[in-house]
Amino acid sequence: MSRGKPHREESPDTDPEDGSEELTELVCLESDLQNGQMMEVEVGLHNVLLTRSEGQYSAISNQCTHYGGPLSRGFLSGQTVRCPWHGACFNIFTGDLEEYPGMDSLPCHKVKVENNKVYVSVNKKILRQAKRIKSMGSRLPGVIHTILLLGGGAASVVCAETLRQQNYSGRIIMVTRDELLPYDKTRLSKVMNVESNTILLRRMEFYHQYDIEVWLRKEALSLDTDKKTVTFDDGSVQSYDQLLISTGCRAKGLDIPGMELENVKMLETPEDARQIHAACVGCRIVLVGTSFVGMEVASYMTDKATSITVIGSSEMPYQKTLGPEIGRITMMMLEKRDVKFYMNDNVKEVRGVNGKVKDVVLKSGTVIPADVLIVGIGVLPNSEFLRGSKIKMDSKSSVPVDKYMQTNIPGVFCGGDLATFPLAMAKDQRVTIGHWQMAQAHGRVAALNMLDKPTELNSVPFYWTVLLGKTIRYAGYGEGYTEIVLKGKVEDEKFLALYIKDDEVVAAASLDFDPAVSAVAERLASGKTITKKEAQSDDLRWLQLP
């Protein structure tokens, strides 16, 4: 529960200009904060989250290390605060990151209570530091044990960092076919003219400092689990002691005439994003697919393209994920910005002139003039190199793993979009979830189990999508839901949708209803049931709404 920002004043014996290492300020009275409550306070110009839990006060920086969300408006449960924006969790006593999508932990500050007054002291050296990297080791000479990470996405990066945080002293090699160091792929459909160096998760100096080798522009061709070797496209062969496979997925194309034309685009890399941005400004664009990526690209282009047309094979966008009610309102939001939709239809042919896109022909017979066609109809797993190996794959070419992220071969793990895994909150139902935060969790769990520290995957899926500057947040796993309980009004663009299955809440989505989705995520993560009756109740205190 969050409290309002109190009046603050400097401690009588503190001079901001003095030479001491700490800045101390009186931030509130003891009576201002009860057990299970938190508030935003300021020390100097530093934004601090003050909490009181189990009779103890604690203070950490207030900005989430992911995108700077205000933790004071998040959800507090026991020793954990969960960000209202994207669900990252931090320990309120240590500042340690406990759940993704953040990468870093938070600085901690001293709290002192005297004469019913609460003082917070901030070390002046960290006044400008909003993030803290956990203590990490490095490689030791003579240790020949090697862990090989295939793929340069979220799972591999977090796996590498977790290994070093646990003082693994062997060799770590991360191999990616990308030309870039690992980057935040969630940004590509939201800010399409993005500069690559602004979305890197870590800079090369970081990998050097902690002895994490990164091999760029290199792709695995085959795997031999008996010899424990991987062969790459440049002919090189690398041996390993333990392996993480996290090569992810690639965009799926349309199997129709005209896909070879210029200005038929698919979004996979920052370079793709920049090319799409440049090609679409002042032009007529057609988007195929009403997934999160397709809708985000449509939203991004509303003030850039001369016309935007979206083709969807279902009745509504997000029909299988968020449901028809939310799909309808997102359509309406975009239609107000002159985006035209053709639903329950498919592309039959792309026609061109002089090698460039001229128009798009639908199966219904409709012909749509176009300068650019953007295809976002799903993904294909990058698992071809596993064929012929002893790694078991399912009918969709994904890799099944257990709750420790281990494949059927001991010492070989798989994470990210490629993995099919048992989801704890869904009674261990096997799922494939291509979300950033889950890939990060996979990497951490794989690393701990590589080091014989048995750890099960318990994360609750959390993702978000941005449309016209408004963010829809989603937590849980709603597949097979039978009913939606709505709080607020979808048409007012302020709502909470609770997805019901077997008389329990299995997922939640919201728009302008923070921190409700984080509250649901925390309840699901703790293993506590949210009943249909509780969801239907008008008593919403458990959501810690402002």
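Keep in mind the model is a prediction, meaning the values are calculated, not measured. (Residues numbered from 1 in each chain as written. Predicted model: local features only at pLDDT ≥ 70, side-chain atom pairs only at ≥ 80, totals over all residues. Heavy atoms only, no water.)

Draft legend 1. Layout of the pairing of strand S24 (residues 339-342). Side-chain alternation along S24 places Val339 and Phe341 on a buried face and Lys340 and Tyr342 on a face that remains uncovered. Note: strand S23 (residues 307-311) against S24, 4 bridges, orientation parallel. Paired with isoleucine 308 across the strands is valine 339, a residue of S24. Handedness of the crossover joining S23 and S24 through helix H5 (residues 324-335): right-handed. (Buried < 20%, exposed > 50% of the residue type's maximum accessible area, 1.4 Å probe, protein only. Helix = DSSP H or I, 4+ residues; strand = E, 2+ residues; numbered from the N terminus. Pairing = 2+ DSSP bridges. Right-handed = clockwise from strand over helix to strand, strands pointing away.)

Draft legend 2. Local environment of the sheet that holds strand S10 (residues 97-99). Overall, antiparallel pairing links the 4 strands, which are arranged S7-S8-S9-S10 in an open sheet. Edge positions in the sheet fall to strand S7 (75-77) and S10, since each of these pairs with one other strand and no more. Averaged over all pairs of adjacent strands, the angle between their axes in this sheet comes to 30 degrees, without regard to strand direction. Relative to the sheet, helix H7 (residues 516-525) contacts S7, strand S8 (80-82) and strand S9 (89-91), its axis offset from that of S8 by approximately 135 degrees. (Axes fitted to C-alpha atoms, helices over the stretch in contact; angles between N-to-C directions. Contact = heavy atoms within 4.5 Å.)

Draft legend 3. Representation of the packing of aromatic side chains in the model. In total, this model carries 8 aromatic pairs according to the counting rule given. Between tyrosine 481 and tyrosine 499 the ring centres are 5.0 Å apart and the planes differ by 80 degrees, which places this aromatic pair in the edge-to-face class. Linking tyrosine 481 in the loop between strand S35 (470-476) and strand S36 (483-489) with tyrosine 499 in strand S37 (residues 494-501), this pair joins segments that are 18 residues apart in sequence. Cluster of aromatic residues (ring-pair linked, three or more members): Phe292, Tyr318, Tyr463, Tyr474, Tyr481 and Tyr499. Positioned over the ring face of phenylalanine 232 is lysine 218, at 5.4 Å from the centre of the ring. (Phe/Tyr/Trp six-rings, centres within 6.5 Å; stacked < 30°, edge-to-face > 60°. Lys NZ or Arg CZ within 6 Å of the ring centre and 35° of its normal.)

Draft legend 4. Broad picture of the pairing of S37. For S37, the tally of buried residues reaches 6 of 8 residues, placing the bulk of the element in the interior. Hairpin geometry of S36 and S37 is characterised by an intervening segment of 4 residues between the two adjacent antiparallel strands and by a positive phi of about 55 degrees at glutamate 493. Pairing between S37 and strand S38 (residues 504-511): 7 bridges, direction antiparallel. Within the sheet, the bridge partner assigned to phenylalanine 495 lies in S38 and is leucine 511. Where S37 folds back onto S38 in an antiparallel hairpin, the turn is made up of 2 residues, including aspartate 502, whose phi is positive at roughly 55 degrees.

Draft legend 5. View of unusual backbone geometry. In this chain, aspartate 514 is followed by proline 515 through a cis amide linkage whose omega measures 0 degrees. Checked against the element boundaries, proline 515 lands in the loop between S38 and H7. Phi at asparagine 116 takes a positive value of approximately 65 degrees, unusual for a residue other than glycine. Note that asparagine 116 resides in the loop between strand S11 (108-114) and strand S12 (117-123). On the accessibility criterion, asparagine 116 (52% relative accessible area) is exposed.

Draft legend 6. Inspection of the sheet that holds S36 at higher detail. Strands sit in the order S34-S35-S38-S37-S36 across an open sheet of 5 strands; the sheet is antiparallel. A single partner strand is all that each edge strand has here, and the edge strands are strand S34 (462-467) and S36. Across the sheet, the axes of successive neighbouring strands diverge by a mean angle of 15 degrees, strand direction being ignored. Here 5 bridges tie S35 to S38, and the two strands are oriented antiparallel to one another. Following the sheet pairing, tyrosine 474 is matched in S38 by alanine 509. Along the sheet, H7 makes contact with S34, S35, S37 and S38, crossing S38 at roughly 155 degrees.

Draft legend 7. Broad picture of the packing of helix H1 (residues 154-165) against helix H6 (residues 436-450). The N-to-C vectors of H1 and H6 enclose an angle of 35 degrees; their axes lie 7 Å apart at closest approach. H6 is crossed by H1, and the crossing has right-handed handedness. Contacts from Ala154, Ala155, Val158, Cys159, Thr162 and Leu163 of H1 reach H6 at Trp436, Ala439, Gln440, Gly443, Arg444, Ala447, Leu448 and Met450. Grouping the amino acids of the contact of H1 with H6 by side-chain chemistry returns 10 nonpolar, 3 polar and 1 charged. (Left-handed = near helix turned anticlockwise from the far one by under 90°. Nonpolar A, V, L, I, M, F, W, Y, C, P; charged D, E, K, R; others polar.)

Draft legend 8. Region of interest: helix H4 (residues 292-301). Judged by how many residues are buried, H4 sits mostly within the fold: 9 of 10 residues are covered. Along H4, the residues classified as buried are Phe292, Gly294, Met295, Glu296, Val297, Ala298, Ser299, Tyr300 and Met301.

Draft legend 9. A look at the side chain of threonine 186. Topologically, threonine 186 is positioned in the loop between strand S14 (171-175) and helix H2 (204-209). Owing to a relative accessible area of 15%, threonine 186 belongs among the buried residues under this scheme. Here aspartate 184 takes part through its side chain, which lies 2.5 Å from a polar atom of the side chain of threonine 186. Aside from chain neighbours lying at most four places away, what touches threonine 186 is Tyr67, Trp436 and Trp464. (Polar contact = N/O pair within 3.5 Å; in protein donor to acceptor, adjacent residues only side chain to side chain.)

Draft legend 10. Representation of the environment of lysine 265. One can find lysine 265 in strand S21 (residues 264-265). Lysine 265 sits in the buried class, given a relative accessible area of 17%. Sequence spacing of lysine 265 and aspartate 394 is 129 residues, and the spatial spacing of their C-alpha atoms is 29 Å. With residues near it in sequence (within four places) discarded, lysine 265 still touches Gln275, Ile276, Ala279, Val372, Leu373, Ile374 and Val375.

Draft legend 11. Expanded view of the environment of glutamine 165. The topology assignment puts glutamine 165 in helix H1. When sequence neighbours within four positions are dropped, the list of residues in contact with glutamine 165 reads Lys134, Ser135 and Met136.

Draft legend 12. A look at the pattern of salt bridges. Scanning all chains against the criterion turns up 25 salt bridges. We note a salt bridge from lysine 470 to glutamate 493, for which the minimum N-O separation is 2.6 Å. With lysine 470 in strand S35 and glutamate 493 in the loop between S36 and S37, the pair connects residues that are 23 residues apart, well separated along the chain. The exposure class of lysine 470 is partly exposed, given its relative accessible area of 34%. Where lysine 532 meets glutamate 483, a salt bridge forms, and the shortest distance between an N and an O atom there is 2.9 Å. Placement of the pair is lysine 532 in helix H8 (residues 532-536) and glutamate 483 in strand S36, with a sequence separation of 49 residues. Look at the salt bridges and you will find they share partners, linking Asp104, Glu161 and Arg202 into a network. (Salt bridge = Lys/Arg side-chain N within 4 Å of Asp/Glu carboxyl O.)

None of the figures reported here should be taken as evidence of function without further support.
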